[in-house]
Amino acid sequence: MSPADTGASTVVGAARSLSAPSDSRMAPGGPGYRRMSLALFLAGVATFALLYSTQALLPLISGEFGVAASEASWTVAAATGGLALFVLPMSALSERFGRRTVMTASLVVAVTVGMLVPFAPSLGALVVLRALQGAALAGLPASATAYLAEEVRPKALVTAIGLFVAGNSVGGMSGRVITGWVAQEWGWRIAVGVVGVIAVACALAFRLLLPAPKHFTPGSLRPRVLARTVRDHLADPLLRRLYAIGALFMTVFGGVYTVIGYRLTEEPFGLPQGIVGSIFLVYLVGTVSASTAGRLVGRLGRRGALYLAGGTTATGLFLSLAASLPLVLLGLVLITAGFFAGHAVASSAVSKTATTGRAQASALYQSSYYIGSSVGSTLGATAFHAAGWTGTVGVGVLAVLGVVTITVLGSRAARVAARREPVGAH
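Residues numbered from 1 in each chain as written. Predicted model: local features only at pLDDT ≥ 70, side-chain atom pairs only at ≥ 80, totals over all residues. Heavy atoms only, no water.

Enquirer: Go over empty space enclosed by the protein, please, and point to the residues and values.
Expert: Counting across every chain of the model gives four cavities of 30 Å³ or more. Approximately 80 Å³ is the volume found for the largest cavity. As for the largest cavity, its lining consists of L238, R241, L242, I245, R302, R303, L306, I406, T407 and G410. For the lining of the largest cavity, the secondary structure elements donating two or more residues are α13 (237–265), α16 (293–319) and α19 (389–420). Considering each element in turn, the lining of the largest cavity owes the most residues, four residues, to α13. Taken together, the residues of the lining of the largest cavity sort by class into five nonpolar, two polar and three charged. When its volume is computed, the second largest cavity comes out at roughly 60 Å³. (1 Å grid on protein atoms, 1.4 Å probe; cavity = no way out; pocket = protein on both sides within 12 Å on 5 of 7 lines; lining within 4 Å. Points joined across faces, edges and corners; volume = space filled by probe spheres on them. Helix = DSSP H or I, 4+ residues; strand = E, 2+ residues; numbered from the N terminus. Nonpolar A, V, L, I, M, F, W, Y, C, P; charged D, E, K, R; others polar.)

Enquirer: I'd like a rundown of the packing of helix α10 (residues 157–186) against helix α15 (residues 283–291), residues and numbers included.
Expert: Remark: α10 packs on α15, axes separated minimally by 8 Å, with the N-to-C direction vectors making an angle of 175°. It follows from the interaxial angle that α10 and α15 lie roughly antiparallel. Between α10 and α15, the contacting residues are G162, L163, V165, A166, S169, V170, G172, M173 and R176 on the first element and Y283, L284, G286, T287, A290 and S291 on the second. Within the contact of α10 with α15, the residues separate by chemical class into eight nonpolar, six polar and one charged. (Axes fitted to C-alpha atoms, helices over the stretch in contact; angles between N-to-C directions. Parallel < 35°, antiparallel > 145°, perpendicular 65-115°, else oblique. Contact = heavy atoms within 4.5 Å.)

Enquirer: How would you sum up the layout of surface pockets? Please name residues and give values.
Expert: Roughly 190 Å³ of volume is contained in the second largest pocket. What lines the second largest pocket is a set of 15 residues, and nearest its centre among them are S24, R25, M26, P31 and K214. Taken together, the residues that form the lining of the second largest pocket break down as seven nonpolar, four polar and four charged.

Enquirer: Explain the side chain of S53 to me, using residue names and the numbers behind them.
Expert: Structurally, the position occupied by S53 is in the loop between α3 (33–51) and α4 (58–65). On the accessibility criterion, S53 (5% relative accessible area) is buried. One polar contact links the side chain of S53 to the main-chain carbonyl oxygen of L50, over a distance of 3.2 Å. Here S53 is in contact with R130, T179, V192 and V195, once residues within four sequence places are set aside. (Buried < 20%, exposed > 50% of the residue type's maximum accessible area, 1.4 Å probe, protein only. Polar contact = N/O pair within 3.5 Å; in protein donor to acceptor, adjacent residues only side chain to side chain.)

Enquirer: Could you give an account of the pattern of salt bridges, with specific residues and numbers?
Expert: In the structure shown here, the tally under the stated rule is two salt bridges. Residues E64 and R189 are paired through a salt bridge, measuring 2.7 Å at the closest nitrogen-oxygen approach. Pair noted here: E64 is in helix α4 and R189 is in helix α11 (residues 188–209), with a separation of 125 residues, a long-range link. Relative accessible area serves as the criterion here: at 42%, E64 is assigned to the partly exposed category. A salt bridge links E150 to R99, with the nearest nitrogen and oxygen atoms 2.3 Å apart. In this pair, E150 sits in helix α9 (residues 141–151) while R99 sits in helix α7 (residues 99–114), placing the two residues 51 residues apart along the sequence. Each member of the pair, E150 together with R99, is buried. (Salt bridge = Lys/Arg side-chain N within 4 Å of Asp/Glu carboxyl O.)

Enquirer: Give a description of the nonpolar core that names residues and reports values.
Expert: Formed by 123 residues in total, the largest nonpolar core has its most connected members in M36, L40, L148, Y257 and Y370. The element that contributes the greatest number of residues to this core is α13, accounting for 15 residues. Contacts of L40, omitting those with residues within four sequence positions, involve M103, A144, Y147, L148, F164, F206 and L210. (Core = buried A, V, L, I, M, F, W, Y, C linked by side-chain atoms within 4.5 Å.)

Enquirer: So what's going on with unusual backbone geometry? Which residues, and what values?
Expert: With the exception of glycine, most residues fall at negative phi, and the peptide bonds are largely trans. With an omega of 10°, the peptide bond between E267 and P268 qualifies as cis. Along the polypeptide, P268 turns up in the loop between α13 and α14 (273–278).

Enquirer: Describe α15, and please don't skip the residues or the numbers.
Expert: What α15 keeps buried is the set Y283, G286, T287, S289 and A290. Against α10, α13, α16 and α17 (325–353) lie the buried residues of α15.

Enquirer: Lay out a positive patch on the surface with the relevant residues and their values.
Expert: The grouping of R222, R224, R228 and R231 at the surface amounts to a positive patch. By the element assignment, R228 lies in helix α12 (residues 223–234). Residue R228 is classed as partly exposed on the basis of its relative accessible area, which comes to 39%. (Patch = residues over 30% accessible without salt bridge, like charges linked within 9 Å, V, L, I, M, F, W, Y side chains within 5 Å. Areas by Shrake-Rupley, 256 points an atom, 1.4 Å probe, with all protein chains shown as cover. Lys, Arg positive; Asp, Glu negative; His and termini not counted. Charge placed at Lys NZ, Arg CZ, Asp CG, Glu CD.)

Enquirer: Describe the packing of α13 against α17, and please don't skip the residues or the numbers.
Expert: The geometry of α13 relative to α17 is characterised by a closest axis approach of 9 Å and an angle of 155° between their N-to-C directions. Comparing the axis directions of α13 and α17 gives the class roughly antiparallel. In this structure, α13 crosses over α17, and the sense of that crossing is left-handed. Its residues assigned to classes, the contact of α13 with α17 comprises 22 nonpolar, four polar and one charged. (Left-handed = near helix turned anticlockwise from the far one by under 90°.)

Laid out in structure tokens, this is it:
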């Protein structure tokens, strides 16, 4: 019985030997670790700021082009869908040309497209540009986690990935807050232009700070090799569960944050655009929960951490149904904390489980994750159009139930596998 079938890490033995004093990989307090952490934090900021730059602006985009929430939501779904489609091919390029090279090229193309977005003449053109931007950003997520798996010692991996995810949360927050206030004064086009300028600064700092890789070994670009690697990953029950969990968590998050702007600008709240943008300050909670995911797993185990993340998210969804603004805000805090914790736990588990083809393993997770975002954005907006906020919450609750069900099934499979394991096999 393989470690993946039992839910155990496949790199336990390797971790013990590689974390020895002779290990030249980076660790907290060691050479290059701070530079690496800051560089990937800034890459995460740029990625999420660009990827979701239109999300807080959807009511204004609806107003300018005369479309409903379900149509305007495609400016978000197209970006995340483009990323989901291209993350696997980009991960293959990173196996051949290097993680740092692919991440740098992705940021350069993404910020270039970002400077064109404010000039989109129609909703269709805007959706196309956003899809291109998402496709360009696809080189970052999987390459970043593969870079960390290769360059950081195993015991520090969850923390390092948590910091990268924390950068995602800061980027998502700052992009939405900035666009909210800028759009209130100068419109949504100027707002997304400002996000583009911020992303340019992050991209430059990333390239200057990120240490050159020391443990990267170039792989093959042959389609047959790539297909075999992908097939092997998809055959792993643990990886399949982690991919589904990432998609379901992101379905909740994508739906909630695509629609929340419409809810808060309508009655009984009637908030102005700047205040609605400031609501995204709750992303700071995600920064904390993602960066502490390692400690959470240490105390509760991976499955325990996922149960806690799912329960926290569900509680937030139910609280957000209230007609009281403080309760809605508390609900958003819990949804955000639960989502980022669950995402950090699942994504780090993928990196630990895959001992070969790490970029492809991470790419499959990211693809599932952003498919979940696209599905959540579309379903959440459609449900809101049909049944109001209650419909959006219903979509989120079903997704959380999916997370819990998959985790329970994984626990049962692990117990069955443990009973079948021959005595003395370890």
